[in-house]
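Take a look at the letters that make up each chain.
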Amino acid sequence: MGNRVKFAAGKLCEFLLTALLVSFFTFAAFSIIPGDAARVMLGTTATEEQVEHLRTELGLNEPLAQRYVSWLTSAMRGDFGKSLAFSEPVSELISSRLPVTLGMSLIALIIVIVVSFPFAAVCSRRPGKFTDRALSAAGHILFAIPPFALSMMLIILFTRVFGIVAVGQYARPSDDFGKFLSCLILPAFCIALPKIAMTFKFLRASMIEYSASDFARTSKSHGLTDFMILIKHIIPNSAVSSITVISLVLSDIMGGSLIVEQVFNLPGLGRLLLAAISRRDFPLLSGIVFYLALMTVVLYFMSDMIAALIDPRIRDRRTS
Amino acid sequence: MRYKGNILEVTGLNLSISNGSGVPARILKDLSFNIRSGEILGLIGNSGSGKTITSLTIAGLLSEVATVDSGEILLDGEDLLKKTPQERRRLLGEKIGIIFQDPSSALDPLQTVGSNLNEVLSIRSDVVNKEERRERILNMLKTVGFDDPDEIYGRYPHRLSGGQRQRVLIAGAALMNPALLIADEPTSSLDTVTAMSIMQLLHEMCQEMGISILFISHNLDAVHDFCDRVVVMKEGTVIDSDTSWDIMGQPKSSYTAELLTNSRLDTRTLGIKPGFASEDAETVLTVSGLSASYGKGRILRKRTPPIISGIDMEIKEGECVGLIGSSGCGKTTLVKTLLGLIPASSGTVSSSRKLAAVFQDPVSSLNPAHSIRWHLKEALRCSGKPLRKEEELPAFKKVLNDVGLDEIHLSRFPHQLSGGQRQKVSIAMCLIAEPSVIIADEPFSALDSSSQASIIKTLSDINHERGTAMLIVTHNLRVVRAMCSKLIVMDSGRIVESGLTETILNDPKTEATRALIEADLYGV
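Since this is a predicted model, take the numbers as computed values, not measurements.

(A) Main features of the overall build of chain B. Within chain B, the secondary structure is distributed over 19 helices and 19 strands. Relative to the compact-globule value of 24 Å for 524 residues, chain B shows a C-alpha radius of gyration of 25 Å, a close match. In terms of principal-axis extent, the alpha carbons of chain B reach across some 70 × 55 × 45 Å. Counting only residues that meet the buried cut, chain B has 52% of its 524 residues in that class. Summarising the internal contacts of chain B: among those between residues at least 6 apart in sequence, 71% fall at separations of at least 24. When the accessible surface of chain B is split by element, carbon and sulfur atoms take 48% of a total near 22800 Å².

(B) Highlighting the overall build of chain A. Within chain A, the regular secondary structure consists of 13 helices and zero strands. Taken from the N to the C terminus, the helices and strands of chain A come in the order α-α-α-α-α-α-α-α-α-α-α-α-α. By principal-axis analysis of the C-alpha atoms, chain A measures approximately 85 × 60 × 35 Å. Relative to its 320 residues, chain A shows a buried fraction of 44%.

(C) Focus on the interface of chain B and chain A. Taken together, the contacts link 31 residues of chain B with 30 residues of chain A. Summed over the shared surface of chain B and chain A, the result is one salt bridge. The interface formed by chain B and chain A includes eleven residue pairs in polar contact (both at pLDDT 80 or more). In terms of residue class, the side of chain B that touches chain A is made up of 14 nonpolar, seven polar and ten charged.

(D) View of helix 5 (residues 90-125) of chain A. With 36 residues, helix 5 of chain A should reach 52 Å at 1.5 Å per residue; the first-to-last C-alpha distance of 51 Å fits that figure. Along helix 5 of chain A, the sharpest kink reaches roughly 40 degrees, centred on R97 of chain A and followed within four residues by the proline P99 of chain A.

(E) Inspection of unusual backbone geometry at higher detail. Residue and element names in this part refer to chain B. The backbone of D76 shows a phi angle near 55 degrees, a positive value even though the residue is not glycine. Within the element layout of this structure, D76 appears in the loop between strand 4 (66-75) and strand 5 (78-79). Assessed through its relative accessible area of 43%, D76 is described here as partly exposed. We note that E442 has phi near 45 degrees; this positive angle belongs to a residue other than glycine. Checked against the element boundaries, E442 lands in the loop between strand 16 (437-441) and helix 16 (449-465).

(F) Seen up close, the domain arrangement of chain B. Residue and element names in this part refer to chain B. Along its sequence, chain B is organised into domain 1 (274-296 + 305-353 + 438-524) and domain 2 (363-435). Spacing between the C-alpha centres of domain 1 and domain 2 amounts to 25 Å. Summed over both sides, the interface between domain 1 and domain 2 buries roughly 1100 Å², with carbon and sulfur atoms accounting for 64% of that surface. Where domain 1 touches domain 2, the interface holds one salt bridge. Residues D402 and R466 are paired through a salt bridge, measuring 2.7 Å at the closest nitrogen-oxygen approach.

(G) Looking closely at the nonpolar core. Residue and element names in this part refer to chain B. Within the largest apolar cluster, 52 residues are counted, with the highest numbers of intra-cluster contacts made by L141, I213 and F215. Apart from the residues lying within four places of it in its own chain, the contact partners of I213 are E39, I40, L41, L181, A183, L202 and C206. In terms of nonpolar packing, the next biggest core, distinct from the first, is built from 48 residues, L270, I427, I456 and L505 among them.

(H) Local environment of the side chain of H409 of chain B. Residues and elements named next belong to chain B. Summarising the element assignment, H409 is placed in the loop between helix 14 (389-402) and helix 15 (419-432). You can call H409 buried: its relative accessible area is 9%. Within polar-contact distance, the side chain of H409 engages the backbone nitrogen of D406 at 2.9 Å.

(I) Quick peek at the pairing of strand 7 (residues 180-184) of chain B. All names here are of chain B. The buried fraction of strand 7 amounts to five of the five residues, a majority that puts the element mostly inside the structure. Of the two faces of strand 7, the one carrying L180, I182 and D184 and the one carrying L181 and A183 are both buried. Bridge count for strand 6 (residues 96-99) against strand 7 is four bridges, and the pairing is parallel. Within the sheet, the bridge partner assigned to I98 lies in strand 7 and is I182. In terms of handedness, the path from strand 7 via helix 7 (residues 192-209) over to strand 8 (residues 212-216) forms a crossover that is right-handed.

(J) Representation of the sheet that holds strand 2 (residues 25-36) of chain B within the structure. Residues and elements named next belong to chain B. If you walk across this open sheet you meet the four strands as 2-1-4-5, and the pairing is antiparallel. The open sheet is flanked by strand 2 and strand 5, the only strands paired with a single partner. Of the strand pairs in this sheet, strand 1 (residues 6-17) and strand 4 are connected by eight bridges, and their pairing is antiparallel. Bridged to S16 within strand 4 is T67. The strands touched by helix 1 (residues 51-59) are strand 1, strand 2 and strand 4; relative to strand 2, the strand with the most contacts, the crossing angle is about 70 degrees.

(K) The arrangement of the packing of aromatic side chains in detail. This structure, assessed with the given rule, holds eleven aromatic pairs over all chains. Linked through ring pairs, F24, F25, F27, Y68, W71, F80, F290 and Y291 of chain A together constitute an aromatic cluster. The ring of F86 of chain A has R279 of chain A lying over it, and the distance from NZ or CZ to the ring centre is 5.1 Å. Here the basic side chain of R134 of chain B rests over the ring of Y153 of chain B, its NZ or CZ set 4.3 Å away from the ring centre.

(L) Spotlight on the confidence of the model for chain A. Averaged over every residue, the pLDDT of chain A is 84; the share at 70 or more is 94%. Highest mean pLDDT in chain A belongs to helix 9 (residues 214-221) of chain A (92); lowest belongs to helix 2 (residues 37-42) of chain A (69).

(M) Looking closely at the sheet that holds strand 13 (residues 320-324) of chain B. Residues and elements named next belong to chain B. Overall, mixed pairing links the six strands, which are arranged 15-16-17-13-18-19 in an open sheet. The open sheet is flanked by strand 15 (355-358) and strand 19 (494-500), the only strands paired with a single partner. Taking the axes of each pair of neighbouring strands and ignoring which way they run, one obtains an average angle of 20 degrees across the sheet. Taken together, the four bridges between strand 15 and strand 16 define a ladder with parallel strand orientation. Paired with V358 across the bridge in strand 16 is A440. Together, strand 13, strand 16 and strand 17 (469-473) form the strand contacts of helix 16, whose direction differs from that of strand 17 by roughly 155 degrees. Running over the sheet, helix 19 (residues 511-521) touches strand 13, strand 18 (486-491) and strand 19 and is turned about 105 degrees from strand 18.

Criteria and cut-off values
- Residues numbered from 1 in each chain as written.
- Chains lettered and ligands numbered in written order.
- Predicted model: local features only at pLDDT ≥ 70, side-chain atom pairs only at ≥ 80, totals over all residues.
- Heavy atoms only, no water.
- Helix = DSSP H or I, 4+ residues; strand = E, 2+ residues; numbered from the N terminus.
- Rg over C-alpha atoms; globule rule 2.2 N^0.38 Å.
- Buried < 20%, exposed > 50% of the residue type's maximum accessible area, 1.4 Å probe, protein only.
- Contact = heavy atoms within 4.5 Å.
- Areas by Shrake-Rupley, 256 points an atom, 1.4 Å probe, with all protein chains shown as cover.
- Salt bridge = Lys/Arg side-chain N within 4 Å of Asp/Glu carboxyl O.
- Polar contact = N/O pair within 3.5 Å; in protein donor to acceptor, adjacent residues only side chain to side chain.
- Nonpolar A, V, L, I, M, F, W, Y, C, P; charged D, E, K, R; others polar.
- Expected span 1.5 Å × (residues − 1).
- Bend = angle between axes of the 7 residues up to and from the residue.
- Domains from an automatic or database assignment.
- Buried area = accessible area lost by both parts, 1.4 Å probe.
- Core = buried A, V, L, I, M, F, W, Y, C linked by side-chain atoms within 4.5 Å.
- Pairing = 2+ DSSP bridges.
- Right-handed = clockwise from strand over helix to strand, strands pointing away.
- Axes fitted to C-alpha atoms, helices over the stretch in contact; angles between N-to-C directions.
- Phe/Tyr/Trp six-rings, centres within 6.5 Å; stacked < 30°, edge-to-face > 60°.
- Lys NZ or Arg CZ within 6 Å of the ring centre and 35° of its normal.
- pLDDT = per-residue confidence, 0-100.

Below, the structure written as structure tokens:
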């Protein structure tokens with residue numbers, strides 16, 4: 001038990017350090033953009049006085065380090081300043097859009113896992129046979145289709161051909177949670193499909209490897225059926241080795257959701273990000289970028305913790 | 001001992017393996033032998049003689065490409081080949097237990113020892129009820145020699161040594177008290193002292209639990225000491241079978257005699273002699289006060305106790321030095337430090353020319369994607385002595401010739417070579433760099449006795465003809481006697497004894513050396 005606590009503490013320190021670095025780089029990136037931020041925001045028609053006023057208001061006249069510290073301290077309270085374009089606090093804007101992006105990513109992740117594990121298990125049973133080849137080929141095709149193209153194809157398919165899902169409609173989770181979820185499923189599916197191919201390919205390879213492992217052979221010599229070996233040994237071991245891939249997939253999914261939101265007309269972070277870019281809304285932009293970066297760091301932290309929870313060797317490697 | 005006739009009878013077994021196209025290759029040809037109740041039967045033969053296939057056929061673990069053409073396998077009078085796959089699976093673990101060669105990854109790393117073993121019982125819930133299981137596993141862990149079974153029960157496999165893992169696996173195979181235990185080279189990846197204790201354990205289980213054992217090995221001495229009878233296999237058929245005493249004393253076939261010569265490293269027949277340095281030989285490798293440890297921790301580098309410390313040694317031109325010690329004594333760490341693969345924490349290594357190394361595993365030492373020519377070129381490039389294009393081929397031919405390979409092997413790929421041939425390629429890669437010392441870290445242990453003898457002969461010839469000094473890391477004292485003039489004994493990271501091989505082996509001064517010699521006497 002001591003090991004687990006030690007491991008978690010070590011990882012937490014690592015996580016905090018990374019988060020701090022991420023915050024610094026995000027902040028620095030927006031500070032070194034060439035040109036005067038205030039001038040860029042106000043446009044060419046603004047007077048020198050107006051620019052100077054905005055500079056003081058934004059704190060641009062102070063040294064970088066001081067600006068970073070004051071930005072960080074307010075960021076830790078959840079205060080990223082006020083959006084210039086929307087005249088609303090950045091944190092409120094983000095938190096109102098977050099459920100869409102996060103919900104969509106989570107649904108996509110669940111689809112990826114639920115689909116790729118059983119398919120990989122089926123293929124790894126008889127590699128090279130018809131089922132395996134057919135599924136692998138299907139995976140390759142899916143992998144090659146970009147999410148936005150897939151989105152449009154699916155929209156046409158579902159609305160015109162089946163007429164099932166009302167596309168382009170959106171309900172807030174607080175109003176109608178069921179409807180909120182249902183309008184996320186199709187976009188989530190679009191993001192998930194190419195990622196299924198990727199996860200599936202990786203899982204298939206690792207399951208084939210573990211099927212030929214010495215411990216699978218031991219279990220066989222103990223009299224276990226192939227199915228029991230799959231459930232008891234092969235799937236848990238492949239799960240550990242696929243955690244890294246799955247966390248990569250999830251950060252890909254979040255990136256993919258930014259585009260798919262556009263196609264499905266959903267009010268997520270992606271649309272907010274685009275709005276912030278097109279209106280040169282720097283406080284909002286840095287807030288969103290920091291949020292996305294932080295989520296990726298959280299994701300890796302969580303995947304490390306899950307891996308350590310399943311695999312005793314990872315806990316020991318760190319603490320012994 | 002319980003002697004009630006034969007527990008296993010194999011009669012007229014024919015088996016072939018199809019490789020997709022063409023005529024299936026016949027692997028077992030009219031194989032017949034039997035195992036009596038309560039005896040240990042040794043099954044010996046070179047790699048490829050069909051020993052492992054035989055054991056897998058008995059267990060019913062063959063892959064789909066293999067088909068049994070004819071014959072019968074009677075276990076306790078019942079023909080296994082007539083049973084359905086379900087019935088055969090049921091027999092596994094219940095009537096037939098198996099342990100394999102390499103215990104290092106034979107337990108699921110994500111599960112504790114207890115839960116790894118529990119699966120044997122949990123699938124037989126009709127025989128063993130849930131409450132009994134833990135009790136039964138703990139008892140078995142005690143039987144296989146763990147003093148604190150409760151603690152081992154909750155341990156994860158990566159916290160066990162190789163010998164402990166093999167014990168756990170034996171416990172798993174014996175949990176249901178099977179009639180037959182198949183042990184497929186159970187000790188070949190363990191050091192001599194551990195291997196001996198495993199052999200003794202198997203012997204006890206045979207005596208006390210009445211389990212008959214099919215012991216597969218290419219180590220003839222182990223077979224001699226532990227088996228009641230021996231069956232010699234060659235190319236899928238039995239060519240000799242007798243009590244182990246008679247087989248070893250008066251082999252009936254020339255093949256068995258040859259196996260014995262190779263296994264015992266009969267130096268006169270093979271023409272191997274120890275490599276001595278001439279009187280005016282210069283020192284090619286000097287090591288003084290060498291220590292090394294594995295640093296841990298990223299930011300704050302924690303101090304870990306040194307794996308090796310205060311190592312002093314000297315190797316002269318033409319000298320062949322043996323390095324022995326039980327597992328975990330720091331032999332491999334020393335080799336890695338000498339080669340610069342691990343930074344030394346203190347001390348110095350100085351050599352007149354480059355050092356070159358041959359490692360244990362011939363399979364993963366070569367790049368499967370490239371031909372032997374590429375490997376030699378790579379070695380040449382790294383040696384820092386590039387040759388002109390027209391000089392390359394003669395140089396390659398010469399080194400291949402020196403290691404007993406041919407020009408035709410240049411275009412071969414690693415998977416087209418046998419284990420012994422691959423190891424020879426590794427030696428050739430060393431030679432092309434013209435090193436001052438060749439360091440060989442257990443280069444024979446993954447090979448069967450015939451290939452072992454051939455590699456030893458190759459190294460010994462290079463030692464004598466080229467005058468290349470050698471440092472041979474091994475746990476086989478026969479090898480040491482045959483080719484090393486000097487011997488270094490390590491224990492717990494230090495050199496505890498060094499000097500002339502004869503002197504040390506005839507008059508060991510330390511407990512560590514004595515233990516190694518004793519284990520070697522049992523021939524495991």
